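Here is how the chains run, residue by residue.
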Amino acid sequence: FLLKGLPFIYQGQELGMENPVYQSITQIDDVGSRDEYRRCLEVGCSESQALEVVSHYTRDNGRTPFQWAASEHAGFTKGTPWLAVSSDYRTINAASQIGNGDSVFSFYQKLIRLRKDETWKETILYGETVPYREEEPNLMAYLRQGEDQTILVLGNFSGEEKRVPFPAMGEREASLLLSNDQAEIGENEAVLSPWQCMVIGFRRQPE
């Protein structure tokens with residue numbers, strides 16, 4: 001959402017919908033996946049091994065009915081859906097997330113608002129993208145650089161706290177724009193909890 005290009009949301013991303021757990025190839029409708037399953041068996045895989053391979057890549061992962069509510073068939077239909085609803089629909093559904101400030105849905109709303117924010121949108125849409133601290137494992141970090149401002153995007157993909165020093169910004173003041181957890185930023189660094197992501201803006205202060 002904070003890189004160049006047109007962002008899009010699909011396949012239940014805005015709820016954090018997860019891939020279903022398949023018990024049998026009969027639960028998979030995708031023709032390509034069924035063919036892959038057959039070829040796995042032909043080269044010596046067991047049925048469980050073949051299903052594990054197919055389950056990871058099948059396009060049906062993104063085709064299960066959208067999970068609207070905790071009711072039957074996740075509120076998607078009163079009939080019988082062409083694919084089974086993922087088994088986690090009672091806990092992951094739109095009804096439980098809309099209006100919940102800590103939900104995945106709410107976080108996507110905040111991302112959209114940030115992208116449209118008058119203060120930052122020019123940098124998000126047109127700023128230069130510069131990788132940052134590429135050598136550090138389990139850290140996603142990049143800059144979006146505009147003429148008078150810079151945005152630093154951080155993601156801690158580990159179970160350990162990470163302290164990330166800010167790049168040299170001259171006389172620009174840091175402000176926290178978005179975070180998925182309680183955030184701590186100092187004058188010269190950000191402290192990320194396990195699995196935390198942060199968006200930090202740097203602006204040159206007016207004379």
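Residues numbered from 1 in each chain as written. Predicted model: local features only at pLDDT ≥ 70, side-chain atom pairs only at ≥ 80, totals over all residues. Heavy atoms only, no water.

## Considering the pattern of salt bridges
Stated formally: One speaks of a salt bridge when a side-chain nitrogen belonging to Lys or Arg is within 4 Å of a carboxyl oxygen belonging to Asp or Glu. Helix and strand definitions here come from DSSP, where helices need a minimum of 4 consecutive H or I residues and strands a minimum of 2 consecutive E residues; each element is numbered from the N-terminal end.
All told, the structure shown has 12 salt bridges when counted by the stated rule. Here Glu36 and Arg39 are joined by a salt bridge, their closest N and O atoms 2.9 Å apart. In this pair, Glu36 and Arg39 are both assigned in helix H1 (residues 31-42), 3 residues apart and thus about one turn of the helix distant. Between Arg133 and Glu136 there is a salt bridge, with the nearest N and O atoms lying 3.1 Å from each other. Within the structure, one salt-bridge network assembled from shared partners comprises Asp35, Glu36, Arg38, Arg39 and Glu42.

## Topic: the sheet that holds strand E3 (residues 149-156)
Put simply, the rule reads: Two strands form a pair only when DSSP identifies at least two bridges running between them. Every axis corresponds to a line fitted to the C-alpha atoms, with the helix fit spanning only the stretch in contact, and the corresponding angles, defined between N-to-C directions, vary from 0 to 180 degrees.
The 5 strands are arranged E1-E2-E3-E8-E5 in an open sheet whose pairing can be described as antiparallel. Pairing within the sheet leaves two strands with one partner each, and these edge strands are strand E1 (128-131) and strand E5 (172-179). This sheet shows a mean twist of 20 degrees between the axes of neighbouring strands, independent of strand direction. Pairing between E1 and strand E2 (residues 139-145): 4 bridges, direction antiparallel.

## A closer look at the packing of H1 against helix H2 (residues 47-57)
For any two helices packed against each other, the geometry is given by the interaxial angle and the distance between the axes. Selection criterion: Whether a crossing is left-handed or right-handed is set by the direction in which the near helix is turned from the far one by less than a right angle, anticlockwise for left-handed and clockwise for right-handed. In this analysis, two residues are considered to be in contact whenever any of their non-hydrogen atoms come within 4.5 Å of each other. Here the nonpolar group is Ala, Val, Leu, Ile, Met, Phe, Trp, Tyr, Cys and Pro; Asp, Glu, Lys and Arg are the charged ones; every other residue, Gly included, is treated as polar.
Running from amino to carboxyl end, H1 crosses H2 at an angle of 145 degrees, the nearest separation of the two axes being 9 Å. Seen from above, H1 lies across H2 with right-handed handedness. Within the contact between the two elements, H1 uses Ser33, Glu36, Tyr37, Cys40 and Leu41 and H2 uses Glu47, Ala50, Leu51, Val53 and Val54. Taken together, the residues of the contact of H1 with H2 break down into 7 nonpolar, 1 polar and 2 charged.

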